[in-house]
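# Commentary on secondary and tertiary structure
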Amino acid sequence: MMVVETRERICHNPSGISPLFPAILDGKQREEAPASGECNGVEYVGVDVNEGAAPPSVVNSKKVSVVPLVFLIFYEVSGGPFGIETSVKAAGPLLALLGFLIFPFIWSIPEALITAEMGTMFPENGGYVVWVSSALGPYWGFQLGWMKWFSGVIDNALYPILFLDYLQSTVPALSSGLPRIAVALALIVVLTYLNYRGLTIVGWTAVLLGLFSILPFVVMGLVSIPKLKPSRWLVVEKDVNWSLFLTTLFWNLNYWDSISTIAGEVKNPKKTIPIALFCALTLVVRGYFFPLLIGTGALPFRPELWKAGYFSDVAKMIGGVWLSWWIAGAAAASNMGMFLAEMSSDSFQLLGMAERGMLPSFFAKRSRYGTPLVGILFSASGVLLLLWMSFEETIAAENFLYCFGMILEFIAFVRLRIKYPAASRPYKIPLGTIGSILMCIPPTMVICVMVVLSSRKVKVVSLIAFIIGLLLWPFLRCAERKKWLKFSVSCHLPELHGENAENINVPLVDILT
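Figured I'd write up the structure that's included with this text.

## Brief notes about the nonpolar core
With 146 residues, the main nonpolar core has Leu69, Leu72, Ile73, Trp107, Ile114, Met220 and Trp256 as its most contacted residues. Per element, the largest residue contribution to this core is 18 residues, and it comes from helix α5 (residues 138–167). The residues touching Ile73, leaving out its near neighbours within four places in the chain, are Trp256, Ile259, Ala276, Leu277 and Ala280.

## Brief notes about the side chain of Ser367
One can find Ser367 in the loop between α11 (321–355) and α12 (373–385). A polar side-chain atom of Ser367 sits 2.5 Å from a polar atom in the side chain of Thr371. Setting aside residues up to four positions removed in sequence, Ser367 forms contacts with Tyr196 and Leu373.

## A short note on the packing of helix α7 (residues 199–224) against α11
Relative to each other, α7 and α11 sit at 150 degrees, their axes nearing to 9 Å. Considered as vectors, α7 and α11 are oriented roughly antiparallel to each other. When you trace α7 past α11, the crossing you get is left-handed. Partitioning the contact of α7 with α11 into residue classes produces 18 nonpolar, 6 polar and no charged.

## Structural notes on the side chain of Ser213
Relative to the elements of secondary structure, Ser213 occurs in helix α7. Overall, Ser213 belongs to the buried group, its relative accessible area being 2%. In this structure the side chain of Ser213 is engaged in a polar contact, spanning 3.5 Å, whose partner is the side chain of Tyr75. With near-sequence residues (within four places) excluded, Ser213 lies in contact with Tyr75, Phe82, Ala330, Ala333 and Ser334.

## Observations concerning helix α15 (residues 456–481)
Between the first and last C-alpha of α15 there are 38 Å, a value that for 26 residues agrees with the 38 Å anticipated at 1.5 Å per step. Within α15 the residues assigned to the buried category are Val458, Ser462, Ala465, Phe466, Gly469, Trp473, Leu476, Arg477, Ala479 and Glu480.

## Quick notes on the pattern of salt bridges
Inspection of every chain in the model, using the stated rule, returns 8 salt bridges. Two residues, Arg417 and Glu117, come together in a salt bridge whose shortest N-O distance is 2.9 Å. You can see Arg417 sitting in helix α13 (residues 391–419) and its partner Glu117 sitting in helix α3 (residues 93–121), a full 300 residues away along the chain. Under the relative-accessibility criterion, Arg417 is labelled buried at 5%. When the shortest N-O distance is used, the salt bridge between Arg425 and Glu117 registers 3.1 Å. With a gap of 308 residues between them, Arg425 in the loop between α13 and α14 (433–453) and Glu117 in helix α3 connect regions that are remote in the sequence. Sharing partners across several salt bridges, the network here consists of Glu117, Arg417 and Arg425.

Quick notes on the rules
- Residue indices begin from 1 for each chain and proceed along its sequence in written order.
- Where local features are concerned, this predicted model is filtered to residues with pLDDT of at least 70; where side-chain atom pairs are given and counted, the filter is 80 or more; whole-chain, interface and lining totals use all residues.
- Side-chain measures were taken over the full set of non-hydrogen atoms in the model, leaving aside hydrogen atoms and water.
- By nonpolar core is meant a set of buried Ala, Val, Leu, Ile, Met, Phe, Trp, Tyr and Cys residues that side-chain atoms within 4.5 Å join together.
- Only protein chains enter the calculation, and the probe is 1.4 Å; a residue is then buried if its accessible area is under 20% of its type maximum, exposed if over 50%, and partly exposed in between.
- Elements are defined by DSSP. Helices are runs of H or I of four residues or more, strands are runs of E of two residues or more, and each kind is numbered from the N terminus.
- Contacts are residue-level and defined by heavy atoms, with any inter-residue pair within 4.5 Å sufficient.
- Throughout this description, a polar contact denotes any pair of N or O atoms lying within 3.5 Å of each other; where both atoms belong to protein, one of them has to be capable of donating a hydrogen while the other can accept it, and for residues adjacent in sequence the pair is counted only when both atoms sit in side chains.
- Here an angle of 0 to 180 degrees is reported between the N-to-C directions of two axes, which are lines fitted to C-alpha atoms, with helices fitted over the stretch in contact.
- Working rule for angles: under 35 degrees goes down as roughly parallel, over 145 as roughly antiparallel, 65 to 115 as roughly perpendicular, anything else as oblique.
- Crossing chirality is assigned from the near helix's rotation relative to the far helix, an anticlockwise turn below a right angle marking it left-handed and a clockwise turn marking it right-handed.
- Just so you know the grouping, Ala, Val, Leu, Ile, Met, Phe, Trp, Tyr, Cys and Pro go in nonpolar, Asp, Glu, Lys and Arg go in charged, and all remaining residues, Gly too, go in polar.
- The span expected for a helix works out to 1.5 Å for each residue beyond the first.
- The salt bridge definition used is simple: a Lys or Arg side-chain nitrogen within 4 Å of an Asp or Glu carboxyl oxygen.

Dropping the structure here:
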C-alpha cells in the first residue's frame with residue numbers, strides 16, 4: 001500500500017505573509033498553485049516560464065556576478081598552492097608536476113562539465129541535491145545532501161587550524177595554548193558574520209583575498225628565473241607514497257560541484273555558471289602548476305622539507321624574508337577565503353533542501369540580508385565540534401564521504417540524459433549518451449581507488465555517517481507526519497521529475513534497473 005503524504009507548498013517570505021498556495025504534492029493534487037516553472041523565472045525540462053518573475057524572498061538580494069563567482073569557485077576547489085607541498089614529498093617533482101597537469105583531465109574537467117550542465121538545468125539553491133532528487137527521488141537526494149554537507153563541514157574545520165599554522169612561524173604565541181584557541185574562535189565568528197551579511201560581500205571579499213594570495217607567486221616566479229634548473233623537474237622519489245600522493249591530488253582538485261548550491265543567487269546562471277567554471281578551472285590549474293614549477297626548479301630536491309607551509313621557506317630562499325612573510329600572509333588569507341566559500345555553499349545547500357521540503361521550514365528562513373541564517377549557524381556549529389580532528393584524518397574522511405556523493409551525481413547525470421534527452425539544457429556537454437557514460441568512467445575509477453586507499457578508521461567514521469543519514473530520513477518523515485516540525489515546498493520552485501510518491505523509498509538498485 002502506498003502512503004501519500006501531504007505537504008504545504010508555500011512562498012517563503014521574510015515579511016511573514018501567510019502561505020499562499022497550499023497543495024498536496026505527493027498525490028499530485030494542487031490547489032491554486034501556479035504551473036510548474038512559472039514562479040521563479042527558471043526553465044526546467046522544457047517548461048515555458050516567465051523570465052521576469054522572481055521569488056519575493058530574494059527580490060531585494062543582490063545577485064552574484066561572474067568575477068566574484070570565479071573566485072568563489074577558486075576557493076571552493078583550491079585557494080592556491082597551499083597544501084600541495086606533500087605531493088612533492090610523496091612522489092618527487094616530476095610526478096607532482098604531471099599529476100597536477102593530468103589529473104584535471106581525469107577528474108576536474110568531467111566534474112566541472114557536469115556541474116555546468118546540471119547547474120544550468122536546475123539553477124536553484126540546493127544544487128546537486130536537486131539533480132539527484134530529480135533523477136533518483138528525494139530519498140537519495142537527501143542522502144547526498146547529508147553526506148555533502150557533513151563532508152563540507154569537515155573540510156571547513158581545517159581552515160582555522162591551517163590559518164594559525166601558517167602564522168605561527170611569525171607569531172610563535174599562536175602555536176598552542178589559550179591564544180591559539182582564542183584566535184581560532186574569533187576567526188570563525190568574524191567569517192561567519194561575513195557570511196551572514198550577504199553572498200555578494202563574501203564574493204568580493206574572495207576576489208580581494210584571491211588577488212592577495214596569487215600575487216606573491218607571480219613575484220616569486222619572476223625572481224626565481226635565474227635560479228631555475230630544468231633537470232630538477234625530472235626527479236622522481238624512489239619510494240613513492242601513492243596513498244599520500246593521490247589523496248593530495250584529489251583533495252586539491254575536487255569540489256567543483258559545490259558552487260551549484262548557490263545557483264539561485266547567481267545573476268543569469270545559465271550563462272554565468274559555465275563561464276565562471278571555465279575561468280576558475282584555468283586559474284586553479286595554473287595556480288598549482290607554476291608554483292610547483294618554481295619551487296622544484298629553483299631549489300635542490302629535499303623530500304623531507306616538502307610539507308604543508310614549505311612554500312613560505314621557498315620564498316625566503318628565493319626572494320628573502322619579505323617575500324616569505326607575504327607568502328605566509330597569503331596562505332592565511334587563502335584559508336579565510338576557503339572558509340567563507342565553503343560555509344556559503346553548505347548553508348545555501350541546507351536552505352535549498354528546506355525549500356524542497358527535505359528539511360524543516362526553519363532552515364529556509366533568510367536574514368534581512370538574504371542569507372540562510374539557520375544554515376549558517378548549523379554549519380558554524382559543526383565546524384566548532386570538529387576542530388579537534390587531525391589534518392590527515394580530516395582530509396581522508398571528507399574524501400571518502402565526497403566519493404559516495406559523486407557516485408550519486410554521476411548516476412543522476414547519466415539517468416537524466418537517458419530519461420529526459422529533450423529536456424532544456426542551457427549548457428549541454430557536446431557528448432551523446434554513450435559519450436557521457438564513458439566520460440564518467442575515469443573519475444569513477446578514481447573514486448574506487450580512493451575508497452581502497454582509505455584507512456580502517458576513516459571507513460568506520462564514514463560508515464557511522466552513512467548510518468546517521470539513513471536514520472535521519474525516516475525520523476524527519478515521522479516528524480512531518482506527527483507534525484512535530486513544519487515542512488513545506490516553496491511555490492517558486494517547479495516540481496521535479498523524481499518528486500512523486502512512487503520512488504521516495506525505492507532502493508537505488510531498482511532505480512538503475
